Amino acid sequence: RQRKTGGEDDAEEDEDALLEQYAPNAHFLKELADQIENLGEDETKEGVNSLLPGDLVQVTAGDMRNLIARIVSVNDATRVARIVPYNNALTTEMSMEVDLLVKYIFPGAHVKVVAGRYMGQTGRVVSVKSA
């Protein structure tokens, strides 16, 4: 920049003061933009478990594939869940890796959206499509 004389120096000083004043807001806006970018990414990250005791789950692989069960407990450190088969002749509690389980949602269930565009809304499941 070229140095100006007289009252124009005061204008430049005012401009610099304004930039310093709003610098924290620029940092905040950058963080906000990064968060908006990450909204579409998968919310469940390694180490974060969305399965809770009492949830219905379906086994996705192995000998027990397609078994519907209820979660008794979850160990986040070992990523193992204790499950009991639901509406089945089997009644013994068993251990299963959390990675082999998905939440089982049935038509008529009351659910609450916990992430995404409709976060916080509740409602009843009308239909479920197999993945």
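Whatever comes next refers back to the structure up there.
Here the structure is a predicted model, which is why all the values come from computation and not from measurement.

A.B. asks: Account for the overall build of the protein chain, naming residues and giving values.
C.D. replies: Summing up its helical and strand segments, the protein chain has 1 helix and 7 strands in all. Mapped from its N terminus to its C terminus, the protein chain presents α and β elements in the order α-β-β-β-β-β-β-β. In the protein chain, the proportion of contacts linking residues at least 24 apart, taken out of those at least 6 apart, comes to 28%. Of the roughly 10500 Å² that the protein chain leaves accessible, carbon and sulfur atoms contribute 53%.

A.B. asks: Provide a residue-level description of the nonpolar core, including the pertinent values.
C.D. replies: With 12 residues, the main nonpolar core is built from Leu51, Val57, Val59, Leu67, Ala69, Ile71, Ala81, Ile83, Met94, Met96, Val98 and Leu101. Of all elements in the fold, only strand E1 (56–59), strand E2 (68–75), strand E3 (80–85) and strand E4 (94–97) reach the threshold of two or more residues within this core. Not counting chain neighbours up to four residues away, the residues in contact with Met96 comprise Val59, Met64, Arg79, Val80, Ala81, Ile83 and Leu101.

A.B. asks: With reference to specific residues and values, describe the environment of Val80.
C.D. replies: Position of Val80 among the secondary structure elements: in strand E3. Taking the C-alpha atoms as reference points, Val80 and Met96, separated by 16 residues in sequence, lie 5.6 Å from one another. Ignoring any residue separated from it by four or fewer positions in sequence, one finds Val80 in contact with Ser73, Val74, Asn75, Ser95, Met96, Glu97 and Val98.

A.B. asks: Before we move on, could you go through the pairing of E3 and cite the residues and values that matter?
C.D. replies: Only one face of E3 is buried, namely the one carrying Ala81, Ile83 and Pro85, since none of Val80, Arg82 and Val84 on the opposite face is buried. The sheet contact formed by E2 and E3 spans 6 bridges and is antiparallel. Within the sheet, the bridge partner assigned to Ala69 lies in E3 and is Pro85. Taken together, E2 and the strand that follows it, E3, pair antiparallel across an intervening segment of 4 residues, in which Arg79 is found at a positive phi of about 60°. Bridge count between E3 and E4: 4 bridges; the pairing is antiparallel. In the sheet register, Val80 faces E4, and the bridge partner there is Glu97.

How each quantity is defined
- Residues numbered from 1 in each chain as written.
- Predicted model: local features only at pLDDT ≥ 70, side-chain atom pairs only at ≥ 80, totals over all residues.
- Heavy atoms only, no water.
- Helix = DSSP H or I, 4+ residues; strand = E, 2+ residues; numbered from the N terminus.
- Contact = heavy atoms within 4.5 Å.
- Areas by Shrake-Rupley, 256 points an atom, 1.4 Å probe, with all protein chains shown as cover.
- Core = buried A, V, L, I, M, F, W, Y, C linked by side-chain atoms within 4.5 Å.
- Buried < 20%, exposed > 50% of the residue type's maximum accessible area, 1.4 Å probe, protein only.
- Pairing = 2+ DSSP bridges.

What is shown is where atoms sit, not what they do.
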